[in-house]
Amino acid sequence: MSDRITAAETLVAAPPAAGSPHVDAGDAGYSKDLKSRHINMIAIGGAIGTGLFLGAGGRLAGAGPSLAIAYAVCGIFAFFVVRALGELVLYRPSSGAFVSYAREFMGEKGAFAAGWLYFLNWATTAVADITAAATYAHFWGMFSDIPQWILALIALAVVLTANLISVKYFGEMEFWFAIIKVGALVAFMLIGIFLVVTQHPVDGHTPGFSTISDSGGIFPVGMLPMLLVIQGVVFAYASVELCGVAAGETKSPEKIMPKAINSIMWRVGLFYVGSVVLLALLLPYTSYSGDESPFVTVMDKLGIPGAAGVMNLVVLTAALSSLNSGLYSTGRILRSMALSGSAPKFTGRMNKGQVPYGGILLTAGFGVLGVGLNYVMPGEAFEIVLNFASIGILGTWGMIMLCSLLFWHRSRDGRVTRPSYQLPWAPYTQIVTLAFLATVVFLMWWGGGVGRTTVMCLPLIAAALVGGWFVVRRRVNDLAQEREDA
């Protein structure tokens with residue numbers, strides 16, 4: 001059958017024995033086609049995305065070289081989040097990821113909140129990605145006369161089609177997308193280091209520390225702007241948890257995941273902090289803007305024929321990669337929720353390629369709304385959705401750390417056994433990370449503008465979650481009772 005829920009009923013009909021890990025109905029029916037190279041490159045691709053390639057330009061212009069400090073601080077907490085998720089994955093791999101863990105440790109209410117906050121994250125991120133893709137495309141003269149919303153629609157259609165075929169296609173796309181991104185960043189950094197060492201002028205400026213000191217130092221506009229861009233920096237790390245979702249479709253997560261997660265830390269230091277430092281050394285921070293990738297700006301100023309066009313193609317690839325990842329992960333998360341009754345039934349359906357197409361199409365539907373946003377206000381579309389995506393990210397990361405904290409408490413009681421791969425310094429790491437996430441929300445409000453408006457929408461988001469729970473709770477409870485009676 002091409003339109004099916006798969007054999008989840010078979011899985012839930014046989015409840016786990018006492019002391020065995022929780023069983024999630026949403027884990028049934030998937031192929032295990034993701035290999036070690038896929039997971040490793042998905043982890044890399046998750047740590048390098050639109051937030052760096054496009055977002056760094058505007059944030060560098062607003063905060064100056066101090067942006068590197070913001071990336072470093074946020075990168076540490078991003079690593080704690082993915083390390084906590086990694087411990088849970090090795091305890092019990094699941095395509096439902098943190099939604100499945102929230103169900104086990106916090107009950108169905110927790111799973112409902114975690115899943116829909118994650119959907120908010122990726123539904124809005126999908127809009128940011130297609131907006132970024134359309135913005136990049138306008139770099140080339142052949143696309144400059146095409147309205148931004150049409151380019152955004154084309155980007156969504158191309159990635160959606162590829163995502164619906166099979167997980168193997170997704171894995172291969174992400175593998176090559178990640179190779180392109182990493183290769184381009186390495187090439188850029190080598191060029192940047194060469195320019196700094198040789199003192200080769202860039203747009204009339206001599207690269208080096210004098211570029212920073214002559215432009216006001218590390219904090220040219222004070223420390224406050226650096227604090228205020230942190231919520232946007234968090235958005236740059238939004239996909240680091242993706243490897244935890246992908247673990248449910250690989251054969252040996254216990255061997256693959258620790259290596260992939262541990263490597264995230266040095267990637268953050270090298271690619272994020274290193275590239276921002278180089279950008280600050282090459283040109284004054286005032287040379288960058290939110291309308292163009294900072295990497296394209298540097299290449300354009302160098303005057304190397306075709307170099308800016310090649311780099312723009314790379315950052316376009318990054319946007320499509322992020323969109324690809326968002327459709328993939330929300331499809332799996334929504335299916336886990338659908339089979340427990342907390343998401344629409346159609347989001348639990350799978351096609352012949354063992355792809356949960358219902359959830360993917362729902363996320364793509366919100367992407368279509370993003371196309372409309374690009375039509376109405378093309379200039380502000382990216383900034384608006386970035387703030388709402390940040391709320392979803394903060395909520396998702398918060399739920400991961402809460403699950404990790406509850407898991408730690410259960411291990412102390414002897415109800416579960418922690419794997420050898422553990423989040424260090426628990427439970428203090430979870431508590432400090434949760435405090436950091438709350439601080440980011442406060443900074444969003446304190447900064448005013450779109451950020452404050454977004455935070456003021458939190459009661460509406462909370463009300464929507466509470467209202468949604470009351471709509472689905474009877475079906476959730478009925479399905480839970482069926483599992484207990486089976």
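Analysis parameters
- Residues numbered from 1 in each chain as written.
- Predicted model: local features only at pLDDT ≥ 70, side-chain atom pairs only at ≥ 80, totals over all residues.
- Heavy atoms only, no water.
- Helix = DSSP H or I, 4+ residues; strand = E, 2+ residues; numbered from the N terminus.
- Buried < 20%, exposed > 50% of the residue type's maximum accessible area, 1.4 Å probe, protein only.
- Contact = heavy atoms within 4.5 Å.
- Areas by Shrake-Rupley, 256 points an atom, 1.4 Å probe, with all protein chains shown as cover.
- pLDDT = per-residue confidence, 0-100.
- Salt bridge = Lys/Arg side-chain N within 4 Å of Asp/Glu carboxyl O.
- Phe/Tyr/Trp six-rings, centres within 6.5 Å; stacked < 30°, edge-to-face > 60°.
- Axes fitted to C-alpha atoms, helices over the stretch in contact; angles between N-to-C directions.
- Parallel < 35°, antiparallel > 145°, perpendicular 65-115°, else oblique.
- Left-handed = near helix turned anticlockwise from the far one by under 90°.
- Nonpolar A, V, L, I, M, F, W, Y, C, P; charged D, E, K, R; others polar.
- Core = buried A, V, L, I, M, F, W, Y, C linked by side-chain atoms within 4.5 Å.

This part is about the overall build of the protein chain. The number of helices and strands found in the protein chain is 20 helices and 0 strands. Of all 486 residues assigned to the protein chain, the portion counted as buried reaches 59%. Taking contacts inside the protein chain between residues at least 6 apart in sequence as the whole, the part at least 24 apart equals 80%. Split by element, the accessible area of the protein chain, about 18600 Å² in all, is 67% carbon and sulfur.

With 89% of its residues at a pLDDT of at least 70, the protein chain reaches an overall mean of 83. No element of the protein chain has a lower mean pLDDT than helix H1 (residues 8-12), at 35, and none a higher one than helix H18 (residues 428-446), at 95. Segment residues 1-20: pLDDT under 50, and 38 contacts once partners within four positions in sequence are set aside and those in other chains are kept.

In this chain, Ala426 is followed by Pro427 through a cis amide linkage whose omega measures 5 degrees. Within the secondary structure, Pro427 sits in the loop between helix H17 (381-413) and H18. One non-glycine residue with positive phi stands out, namely Gln199, at about 60 degrees. Considering the arrangement of structural elements, one finds Gln199 in the loop between helix H8 (167-198) and helix H9 (209-213). Note on Gln199: relative accessible area 40%, which makes it partly exposed. Positive phi outside glycine occurs at Asp203, with the angle close to 55 degrees. Within the element layout of this structure, Asp203 appears in the loop between H8 and H9.

Attention shifts here to the pattern of salt bridges. Counted by the stated rule, this structure contains 5 salt bridges. Here Glu108 ties to Arg103 by a salt bridge, and the two come within 3.2 Å at their closest N and O atoms. With respect to class, Glu108 is no different from Arg103; both count as buried. Among the salt bridges present, the one from Asp413 reaches Arg415, with a minimum N-O distance of 3.3 Å. No difference in accessibility class separates Asp413 from Arg415, as the two residues are exposed.

Turning our eyes to something else, we now look at the packing of aromatic side chains. A full pass over the atoms with the stated rule returns 20 aromatic pairs. A centroid spacing of 4.7 Å and a plane angle of 35 degrees characterise the contact between Tyr237 and Tyr272, whose relative ring orientation is tilted. You can see Tyr237 sitting in the loop between helix H11 (230-236) and helix H12 (242-246) and its partner Tyr272 sitting in helix H13 (residues 253-282), a full 35 residues away along the chain. Judged by its relative accessible area of 0%, Tyr237 is buried. Given the relative accessible area of 0%, Tyr272 is considered buried.

Time to look at the packing of helix H7 (residues 148-163) against helix H15 (residues 307-338). Contact pair H7 / H15: the axes reach a minimum separation of 10 Å and the direction vectors enclose 50 degrees. One finds that H7 runs oblique with respect to H15. The crossing of H7 and H15 is right-handed. Touching Ala155, Leu156, Val159, Leu160 and Asn163 of H7 are Leu320, Leu323, Asn324, Leu327, Tyr328 and Arg332, all from H15. Split into classes, the residues belonging to the contact of H7 with H15 amount to 8 nonpolar, 2 polar and 1 charged.

A few words now on the nonpolar core. In this structure, Phe53, Tyr71, Phe188, Tyr237 and Trp397 are the most contacted members of the largest nonpolar core, which totals 153 residues. Considering each element in turn, this core owes the most residues, 26 residues, to helix H6 (residues 97-137). Apart from the residues lying within four places of it in its own chain, the contact partners of Tyr237 are Tyr71, Cys74, Gly75, Ala78, Val268, Tyr272 and Trp397.

Tracing the sequence through the fold places Phe366 in helix H16 (residues 357-376). Judged by its relative accessible area of 35%, Phe366 is partly exposed. Separated by 240 residues in the primary sequence, Phe366 and Ala126 have C-alpha atoms spaced 7.9 Å apart. Phe366 has contacts with Phe119, Ala123 and Val127, leaving out every residue within four places of it along the chain.

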